[in-house]
Amino acid sequence: MKVLKFGGTSVQGPSEIKQVGSIVQQAYQENSTVVVVLSAMSKVTDQLIGLARQAVSGDAGYLQEWEQLTQRHDNCIRALFDAPQADEVSRTIHGLLHELKDVLQGLYLVRELTPKSLDFVMSFGERLSSRIISQYLATQGLPTEWLDSRNLIVTDRNFNNARVDFGATNARIAEAIPSHAKVVVMPGFIAATREGETTTLGRGGSDYTASIVAAALPDVELEIWTDVDGMMTADPRKVRRTFPLPRLSYLEALELSHFGAKVLYPPSVQPVLARNIPLRIKNTHRPEAEGTLITDRSDDQQRAVKGISSIDHIVLVSLKGSGMVGVTGIAMRFFSALALHQVNVILITQASSEHSITVAITPADAERAQQGLQEEFKTELAYGQVDPILVEDGLSVLAIVGENMRNTPNVAGRLFSVLGKNGVNVRAIAQGSSEHNISCVIEQDDIRKALNVVHEAFFLSDIKILNLFLIGTGTVGGTFLNQLHAQRPHLLEAHGLDIRVVGIANRRRMQLAEDGFDLASWPEQGDDSGQPTDPAVFAREMHALNLSNSILIDCTGSAAIVELYEEALRHGISIVTPNKIACSGPYDRYQRLKQMTSRRGVRFLYETNVGAGLPVIGTLQDLIQSGDRILKIEAILSGTLNYLFNEHKEGVAFSDVVKTAQRLGYSEPDPRIDLNGVDVARKILILAREAGSHLELSDVVLHNFLPEDCREAATVDAFFTLLPNYDAHFENMRQEAEKAGKRQRYVATYEEGKLSCGLRTVGPEHPFFQVEGNDNMVLFTTERYQERPLIVKGAGAGAEVTAAGVFADIIRAGNF
Ligand SMILES: NC(=O)C1=CN([C@@H]2O[C@H](COP(=O)(O)OP(=O)(O)OC[C@H]3O[C@@H](n4cnc5c(N)ncnc54)[C@H](O)[C@@H]3O)[C@@H](O)[C@H]2O)C=CC1
Ligand SMILES: N[C@@H](CC=O)C(=O)O
């Protein structure tokens, strides 16, 4: 024998009902006796509640709503039945609808809506749907019998959420439902007291009806038909790449449904669990899908965590105070007060110091909980032995569930580590000693991100999604996008790294796309669509998306973008940047940014600030962290300047070489930043800070070789107009060096806490003499490298190498 329950979405219209018909037909052929339990057509219960409230408030508009309800059922009948049968079904349905209208008229007149009358009004949803479907199944040639659940399921008088009298109920079901071939159709959700008053079993109660019926019959299987492929690893509306779970134990299903998995109404597990009846969840729209089988054992021994669920709109209520420590009976009084005020407790935590007890409840219970606790502890409150009752809202509970968690170490470690790395603050934690469930309370704003990162950690450990917000699509940013586009498939396949660009901005336009841009056409998306750029709005939208593993990539040279860093880190967003302004700006901010990363479990990576893609900062950090001490840094740090001094030859104008350096993407957005030495000053300052010095940019002794009017030109274009006036001047400098057998080099030095940079001429004996093209060279003289310095050398500017350095930092941030 089979009991099939169809939810509201499975019976919402004629085409769905026809699909139900074919599923029942199949079950009948395989099992002979089938019990079909039906929900109301989707949204009808809410509509009925609305009608009752409208009527009782004296709003005659309820009549129009009633007409609509009638119309919906009429349409369904007309689509399902031919003329003579349609009239017959209509008569039954209209009889019920007029009964409903009379009840609503009564509510309108007496202006009182009791829980009992609300139950009666709500009962019409299932009574209507089950009558129509019963008749429909009969027209399909099935031997159908409609039974009124109110004659079978006996409850107490706890209207709206009645408790079942299983003794009486089981006996009535066993007697009424025949074991010979038959299709029995019943309304779900509704029941009655012994005296025949209509009751309901709580929202979602149709599942419960089916489970009660199954548990009262011999040799039975239960199937719950809904609109998803089974119990999923997490809520697919909130979490990406969820998948159905083929098997669960009753306990796991209970925990998951209790913590928000809407597919199953939690009380429905108990009756089938008690009789060890297999329960399968199936998709009405995809009957071929396997669904989820729920039995007494969880047979996936490999996976410790079976599912992740959550409950939003949680309130934490805490009783704290030194007067609680070591005093017996506090917990008893705390929970008695809550019970007395009918407060349903979702989660409990108590610190082992006994200094506080915290419970999670729903907002509807919050005021009663607070009042109840204030009354109970009024003496302690008056004497200051406990603090005022603390009520905090805007929270969610996230729970991971699985029977095998009990035998698997590091499940909690993984959970909290992944939350921490994504900047999700955990407010309260609960784990039962059975270890089936670990729950934690977090800010509701973080729930989407938290669910996604936890889901990735436990179910998609082979794939990690990184969400990039890129500002700056010029030389470096644009090249990075091209590199990512080319490398993305390989990273996904070989390293399970799914890197998505979800935000793009440049000086003109900005836009966000939660599922990621198509990198094949990013310039169009980045440049022509979206909205005018406003960094504050970009940041606000980035924070609002609150995506897991988010990284802000600043490929500008803008101080305005640096202003966004602290808030981004605070929101758990890592930062990767070639922009030197943050690390060479005020020391306090540089320090704050670095400290925030360790506190918030995010990364702030800027390897490309010095030497473009060369491993300069990483090398220095490794030296320091391994206990070495920096004695001196001497370096060529400007790719642009080195290029100029190498390429400025006889017969070539200096100003033309500067233009070429700009065209090749070596120079700063404003090339004067290179020529006046500021770019080099920033870089040597950054190295000094990494080496432990608390210096500022103003501490760098900078020898400028750019003539003053070029430095002061109003725009970059004006600068390029003036520069040719000095071609002869630069040619003289070059010839002088050449005559002496030397070469010009712009050299930065850090020694004994002093910073300087300036133009020098070096002979063939000096290592800088041979530094070619746009190369950089950094000599680290340290306690361990005193005889001969440690040297890092290579291209120190340019789109490809810098973009590759940014790329490497992103992967580092992602692997953190
Ligand atoms: N080009 C190179 O070889 C290297 C560059 N860098 C650094 O990389 C950064 C970018 O350099 P490039 O790509 O060469 O510059 P670029 O001038 O080619 O590109 C800058 C990009 O930033 C955007 N931008 C500027 N201010 C903005 C704002 N306030 N809001 C939104 N977007 C803004 C621009 O629209 C443009 O897309 C600079 O900080 C530079 O110092 C670092 C190492 C090497
Ligand atoms: N403009 C810089 C490049 C990045 O830092 C240089 O020329 O070195």
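All of these numbers come straight from a predicted model, not from anything done at the bench. (Residues numbered from 1 in each chain as written. Chains lettered and ligands numbered in written order. Predicted model: local features only at pLDDT ≥ 70, side-chain atom pairs only at ≥ 80, totals over all residues.)

1. Let's talk about the sheet that holds strand β23 (residues 574-576)
- Judged by pairing direction, the sheet is mixed, and its seven strands sit side by side in the order β21-β20-β19-β18-β22-β23-β24 without closing on themselves. Strand pairing shows two members of the sheet lacking a second neighbour, β21 (531-532) and β24 (604-605), which therefore form its edges.
- Pairing of strand β20 (residues 509-512) with β21, which is carried by two bridges, proceeds in the antiparallel orientation. Residue pairing for β21: M510 is matched across the bridge by Q531. (Pairing = 2+ DSSP bridges. Helix = DSSP H or I, 4+ residues; strand = E, 2+ residues; numbered from the N terminus.)

2. A closer look at the confidence of the model for the protein chain
- Summary statistics for the protein chain give a mean pLDDT of 93 and a share of 98% for residues scoring 70 or more.
- For this predicted complex, the interface score ipTM comes out at 0.98, while the overall pTM is 0.72. (pLDDT = per-residue confidence, 0-100.)

3. Topic: the environment of I49
- With respect to the element layout, I49 can be found in helix α2 (residues 44-56).
- Since 16 C-beta atoms lie within 10 Å of it, I49 is described here as partly exposed.
- Distance from I49 to R788, taken between C-alpha atoms, is 84 Å for residues 739 residues apart in sequence. (Buried ≥ 20, exposed ≤ 12 C-beta atoms within 10 Å, placed from the backbone.)

4. Here we look at helix α8 (residues 250-258)
- Among the nine residues in α8, eight count as buried, and that is most of the element.
- Taken together, the buried positions of α8 are Y250, L251, E252, A253, L254, E255, L256 and S257.
- Where the residues of α8 are buried, they touch β9 (247-249), α9 (269-275), β11 (292-295), β12 (307-320), β15 (390-401) and β17 (437-443). (Contact = placed C-beta atoms within 7 Å.)

5. A short note on the sheet that holds strand β8 (residues 221-226)
- Here we have eight strands laid out as an open sheet, ordered β3-β5-β2-β1-β8-β10-β11-β9, and mixed in their pairing. The strands lining the two open edges of the sheet, one partner per strand, are β3 (144-146) and β9. Taken pair by pair, the neighbouring strands of this sheet meet at an average axis angle of 20 degrees, ignoring direction.
- Where β9 meets β11, three bridges bridge the pair, whose relative direction is parallel. Counterpart to L248 in the pairing with β11 is I294.
- The strands that helix α5 (residues 115-139) touches are β2 (33-38), β3 and β5 (182-187); relative to β5, the one it contacts most, it runs at about 160 degrees.
- The strands that α8 touches are β9 and β11; relative to β9, the one it contacts most, it runs at about 90 degrees. (Axes fitted to C-alpha atoms, helices over the stretch in contact; angles between N-to-C directions.)

6. Remarks on the site of ligand 2
- Taken together, the neighbourhood of ligand 2 is formed by A612, S638, G639, T640, Y666, S667, E668, D674, D679, G796 and A797.
- Classifying every residue of the shell around ligand 2 by side-chain character gives three nonpolar, five polar and three charged. (Near = placed C-beta within 6 Å. Nonpolar A, V, L, I, M, F, W, Y, C, P; charged D, E, K, R; others polar.)

7. Considering the site of ligand 1
- Near ligand 1, the surroundings consist of 30 residues, among which G472, G474, R507, G557 and P669 are the closest.
- In terms of residues, the shell around ligand 1 owes the most to one element, helix α15 (residues 475-495), which gives three residues.
- Looking at side-chain class alone, the shell around ligand 1 contains twelve nonpolar, 15 polar and three charged residues.

8. Side note on the nonpolar core
- Membership of the largest hydrophobic core comes to 142 residues, with the highest contact counts inside it found for V24, V36, V213, A214, L398, V441 and V454.
- The biggest single contributor to this core is α5, with nine residues.
- Both domains that furnish three or more residues to this core are identified here as domain 1 (2-227) and domain 2 (307-459). (Core = buried A, V, L, I, M, F, W, Y, C linked by C-beta atoms within 7 Å. Domains from an automatic or database assignment.)

9. Re the domain arrangement of the protein chain
- Domain annotation for the protein chain reports domain 1 (2-227), domain 2 (307-459), domain 3 (464-610) and domain 4 (616-797).
- Of note, the centres of domain 3 and domain 4, computed from C-alpha atoms alone, are 28 Å apart.
- Every contact between the two is made by eleven residues of domain 3 and, on the other side, 16 residues of domain 4.
- Sorting the residues of the side of domain 3 that touches domain 4 by element identifies α20 (581-584) and α21 (587-600) as the ones contributing at least two each.
- Looking at the side of domain 3 that touches domain 4 residue by residue, the class counts come to five nonpolar, four polar and two charged.

10. Focus: the environment of G814
- Note that G814 resides in helix α30 (residues 799-814).
- Each C-alpha atom, one on G814 and one on R603, is 9.0 Å from the other, the two residues being 211 residues apart in sequence.
- Not counting residues within four places of it along the chain, the set of residues in contact with G814 comprises K464, L466, L497 and N549.

11. A short note on the packing of α2 against α5
- α5 packs onto α2 with a crossing angle of 145 degrees between their chain directions and a minimal axis gap of 8 Å. Note on packing geometry: the crossing formed by α2 with α5 is right-handed. Contact with α2, carried on its side by V44, T45, L48, I49, L51 and A52, involves L118, V121, M122, F124 and G125 of α5 and no other residues of that element.
- Residues that form the contact of α2 with α5 fall into these classes: nine nonpolar, two polar and no charged. (Left-handed = near helix turned anticlockwise from the far one by under 90°.)

12. Structural notes on the packing of helix α3 (residues 62-80) against helix α4 (residues 83-110)
- Between α3 and α4, whose axes approach to 11 Å, the crossing angle comes to 165 degrees. When the axes of α3 and α4 are compared, the pair comes out roughly antiparallel. For the pair α3 and α4, the sense of crossing is right-handed. When α3 is examined against α4, the residues Y62, W66, T70, H73, D74, I77 and R78 are found in contact with a partner set consisting of A86, V89, S90, I93, L97, K101, L104 and Y108.
- Of the residues assigned to the contact of α3 with α4, the class counts are nine nonpolar, three polar and three charged. (Parallel < 35°, antiparallel > 145°, perpendicular 65-115°, else oblique.)

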